[in-house]
Amino acid sequence: MEEPLPRFRARAREVLEGTAELQSEEDWRELLCGDCPFYHHGEEENEECGSYLLLRALLERGGLDLERALDSLER
Ligand code: SF4
């Protein structure tokens, strides 16, 4: 069976290992938009869907733990 959200999982691993950051808008796009069929790199700097906003707010405020999210997807 194909693993879900491969780009999210790869980027989350990099963030958790310390080889990637979640500082810039581009960092967040790489994490949250990479698996989205609507994502076209560099074309949506000013547009954010509700899922993006929700996940970013939860991760920034500690309401969602990145490591636990990754673990859940890899079970
Ligand atoms: S902001 Fe939302 S719709 Fe746009 S690329 Fe990211 S996840 Fe997809």
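Residues numbered from 1 in each chain as written. Predicted model: local features only at pLDDT ≥ 70, side-chain atom pairs only at ≥ 80, totals over all residues.

Caption draft 1: Structural context of the overall build of the protein. Per the secondary structure count, the protein includes four helices and zero strands. If you list the helices and strands of the protein from N to C, you get α-α-α-α. On C-alpha atoms alone, the protein measures out to a radius of gyration of 12 Å, which is about the 11 Å that the 2.2 N^0.38 rule sets for 75 residues. Here the C-alpha coordinates of the protein stretch approximately 35 × 30 × 25 Å along the principal axes. By residue count, 11% of the 75 residues in the protein fall in the buried class. In the protein, of all internal contacts separated by at least 6 residues, the share reaching a separation of at least 24 is 48%. (Helix = DSSP H or I, 4+ residues; strand = E, 2+ residues; numbered from the N terminus. Rg over C-alpha atoms; globule rule 2.2 N^0.38 Å. Buried ≥ 20, exposed ≤ 12 C-beta atoms within 10 Å, placed from the backbone. Contact = placed C-beta atoms within 7 Å.)

Caption draft 2: Examining the site of the ligand more closely. The full set close to the ligand counts 10 residues, and Cys-33, Cys-36, Tyr-39, Cys-49 and Tyr-52 are the nearest of them. Broken down by class, the residue content of the shell around the ligand amounts to seven nonpolar, one polar and two charged. (Near = placed C-beta within 6 Å. Nonpolar A, V, L, I, M, F, W, Y, C, P; charged D, E, K, R; others polar.)

Caption draft 3: Focus on the nonpolar core. Ranked by size, the top nonpolar core spans five residues in total: Phe-8, Ala-12, Leu-31, Leu-32 and Cys-33. Secondary structure elements with two or more residues in this core: helix H1 (6–17) and helix H2 (25–32). Sequence-distant contacts of Leu-32, defined by excluding residues within four places in its chain, comprise Tyr-52, Leu-55 and Arg-56. (Core = buried A, V, L, I, M, F, W, Y, C linked by C-beta atoms within 7 Å.)

Caption draft 4: Structural context of unusual backbone geometry. Phi is positive for Leu-5, close to 50°, though the residue is something other than glycine. With respect to the helices and strands, Leu-5 occurs in the segment before H1. Looking at Leu-5, the number of C-beta atoms within 10 Å reads 15, which means it is partly exposed.

Caption draft 5: Looking closely at H1. Look at H1: 16 Å from first C-alpha to last across 12 residues, which is about the 16 Å you get at 1.5 Å a residue. All of the buried residues along H1 are Phe-8, Arg-11 and Ala-12. In an axial view of H1, the angular spread of the buried residues amounts to 105°, which keeps them on one side of the axis. Residues of H1 that are exposed and point over 90 degrees away from its buried face: Pro-6 and Glu-17. Against H2 and helix H4 (66–74) lie the buried residues of H1. (Expected span 1.5 Å × (residues − 1). Arc of directions from axis to C-beta.)

Caption draft 6: Region of interest: the environment of Tyr-52. As for its position among the elements, Tyr-52 is in helix H3 (residues 50–61). Residue Tyr-52 is classed as partly exposed on the basis of its 18 C-beta neighbours within 10 Å. As a C-alpha pair, Tyr-52 and Leu-31 span 21 residues in sequence and 9.8 Å in three-dimensional space. Dropping the residues within four chain positions of it, Tyr-52 is found in contact with Leu-32 and Cys-33.

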